[in-house]
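Listed below are the residues making up each chain.
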Amino acid sequence: MAKDTVLEQSQADRIAAGAGFIAALDQSGGSTPKALKQYGVEEDAYSTEEEMFGLIHDMRCRIMTAPEFTSEKVLGAILFERTMRGEVAGMPVPTYLWEERGVVPFLKIDKGMEDVKDGAQILKPIPGLAELLATAREFGIFGTKERSVIHEANETGIAAVVAQQFELGKEVIAAGLVPIVEPEVLIDSPTKAEAETILKAEIEKQLDLLDDTQNVVLKLTIPTEAGLYDSLADHPRVLRVVALSGGYSTADACEKLSKNEKMIASFSRALAEGLNAQQSDDEFNAALAENISKIYNASV
């Protein structure tokens, strides 16, 4: 399902103006055991990385094929690279998401972060990036996601994170994809509110340097000050501002998000809360439907 202009525009319109949220199904190496444990699969259930990724793929397939996981409430889904290359219901995952569910596919492209410096963690180099982006287009991927982390209100560290995010974002745009720029501020940072004020200013600087062909999605921690990022959502170079759950429970994340009218959700852990490998399909689908409804309602 390689990209074409009409398809890209219809997907861009959906992300920019659709009602709903973006599901994050992109747990990777380090976070996969935690995601499986939350799902009721202990580490003694697998002995190799291949088995581990097979189990998480099964969980993701169960989510993607659930009755409520459709365009009615879900705008997009962020995938791990193995998921992009995998199949669901006998189809390539990105094709299934868009053609069967009306859900816009994104790809997580980062390879983790460097150690903390100046109160922040920038991205590690991404080897083979050009080839990965070209492959993503061939698979019908609309955009990418890349996550950095801010630990404290350090202007030097935050500026470095944002500058790197936008530098990478421009490479993604040049490859014909839309980047989700994700500089996460940790929810337990003692200087979270101050960090967010600095972050907003740095993002504004970078957005003003983009030309009118360069658009991004911003994925940000739900801010301490409700409405802080409204002006970013109104910026002409921003398709959408989405919120990460950052470790909040589904209830807390939804409650905080509902106070930010110009942000929608892009939750991972909160989406999968209460799901368990031992549940019957009816139980699983009911629990997922409840989470999807809560996240959707907080997003609209």
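Now for a look at the structure at hand.

Cut-offs and rules
- Residues numbered from 1 in each chain as written.
- Predicted model: local features only at pLDDT ≥ 70, side-chain atom pairs only at ≥ 80, totals over all residues.
- Heavy atoms only, no water.
- Helix = DSSP H or I, 4+ residues; strand = E, 2+ residues; numbered from the N terminus.
- Rg over C-alpha atoms; globule rule 2.2 N^0.38 Å.
- Buried < 20%, exposed > 50% of the residue type's maximum accessible area, 1.4 Å probe, protein only.
- 1 Å grid on protein atoms, 1.4 Å probe; cavity = no way out; pocket = protein on both sides within 12 Å on 5 of 7 lines; lining within 4 Å.
- Points joined across faces, edges and corners; volume = space filled by probe spheres on them.
- Nonpolar A, V, L, I, M, F, W, Y, C, P; charged D, E, K, R; others polar.
- Expected span 1.5 Å × (residues − 1).
- Contact = heavy atoms within 4.5 Å.
- Phe/Tyr/Trp six-rings, centres within 6.5 Å; stacked < 30°, edge-to-face > 60°.
- Lys NZ or Arg CZ within 6 Å of the ring centre and 35° of its normal.
- Salt bridge = Lys/Arg side-chain N within 4 Å of Asp/Glu carboxyl O.

1. Some points on the overall build of the protein chain
Logical step 1: The secondary structure content of the protein chain amounts to twelve helices and eleven strands.
Logical step 2: The C-alpha radius of gyration of the protein chain comes to 18 Å, within 12% of the 19 Å expected for a compact globule of 300 residues.
Logical step 3: Dimensions along the principal axes, computed over C-alpha positions, put the protein chain at roughly 50 × 45 × 35 Å.
Logical step 4: When the 300 residues of the protein chain are sorted by exposure, 55% land in the buried category.

2. With respect to the layout of surface pockets
Over the atoms a probe the size of a water molecule is rolled, and this reveals where empty space is left.
Logical step 1: By volume, the largest pocket is sized at about 740 Å³.
Logical step 2: Along the walls of the largest pocket sit 28 residues, with Gln27, Ser31, Arg147, Ser268 and Arg269 positioned nearest its centre.
Logical step 3: Counting only elements with at least two residues in the lining of the largest pocket, the list comes to helix H2 (32–38), strand E7 (143–150), strand E8 (178–185) and helix H11 (269–272).
Logical step 4: Element by element, the count of residues in the lining of the largest pocket is highest for H2, at three residues.
Logical step 5: Its residues assigned to classes, the lining of the largest pocket comprises seven nonpolar, eleven polar and ten charged.
Logical step 6: The volume enclosed by the second largest pocket comes to roughly 290 Å³.

3. Side note on helix H12 (residues 281–299)
Logical step 1: A rise of 1.5 Å per residue sets the reference length of H12, with its 19 residues, at 27 Å; its end C-alpha atoms lie 26 Å apart and thus fit the reference within 8%.
Logical step 2: Along H12, the positions that sit buried rather than exposed are Phe284, Ala287, Leu288, Ala289, Asn291, Ile292, Ile295, Tyr296, Ala298 and Ser299.
Logical step 3: Where the residues of H12 are buried, they touch strand E1 (21–25), helix H3 (49–64), helix H10 (250–257), strand E11 (263–265) and H11.

4. Considerations on the packing of aromatic side chains
Logical step 1: Counting across every chain of the model gives three aromatic pairs.
Logical step 2: Relative to Phe284, the ring of Tyr39 lies with its centre 6.3 Å away and its plane at 80 degrees, an arrangement referred to as edge-to-face. With Tyr39 in the loop between H2 and H3 and Phe284 in helix H12, this pair connects stretches of sequence that are 245 residues apart.
Logical step 3: Arg62 extends its terminal NZ or CZ atom over the ring of Phe284, reaching a point 4.2 Å from the ring centre.
Logical step 4: Above the plane of the ring of Tyr296 lies Lys73, whose end atom (NZ or CZ) is 5.8 Å from the centre.

5. Thoughts on the pattern of salt bridges
Logical step 1: Counted under the stated rule, the structure contains 18 salt bridges.
Logical step 2: Salt-bridge contacts for Lys145 lead to Glu182; the nearest nitrogen and oxygen are separated by 3.1 Å. With Lys145 in strand E7 and Glu182 in strand E8, the pair connects residues that are 37 residues apart, well separated along the chain.
Logical step 3: The class of Glu182 is buried, set by a relative accessible area of 2%.
Logical step 4: For the salt bridge of Lys294 with Glu290, the shortest nitrogen-to-oxygen distance reads 3.5 Å. Of this pair, Lys294 and Glu290 both sit in helix H12, separated by four residues, roughly a single helical turn.
Logical step 5: A single network of salt bridges, built from pairs that share partners, joins Asp26, Lys145 and Glu182.

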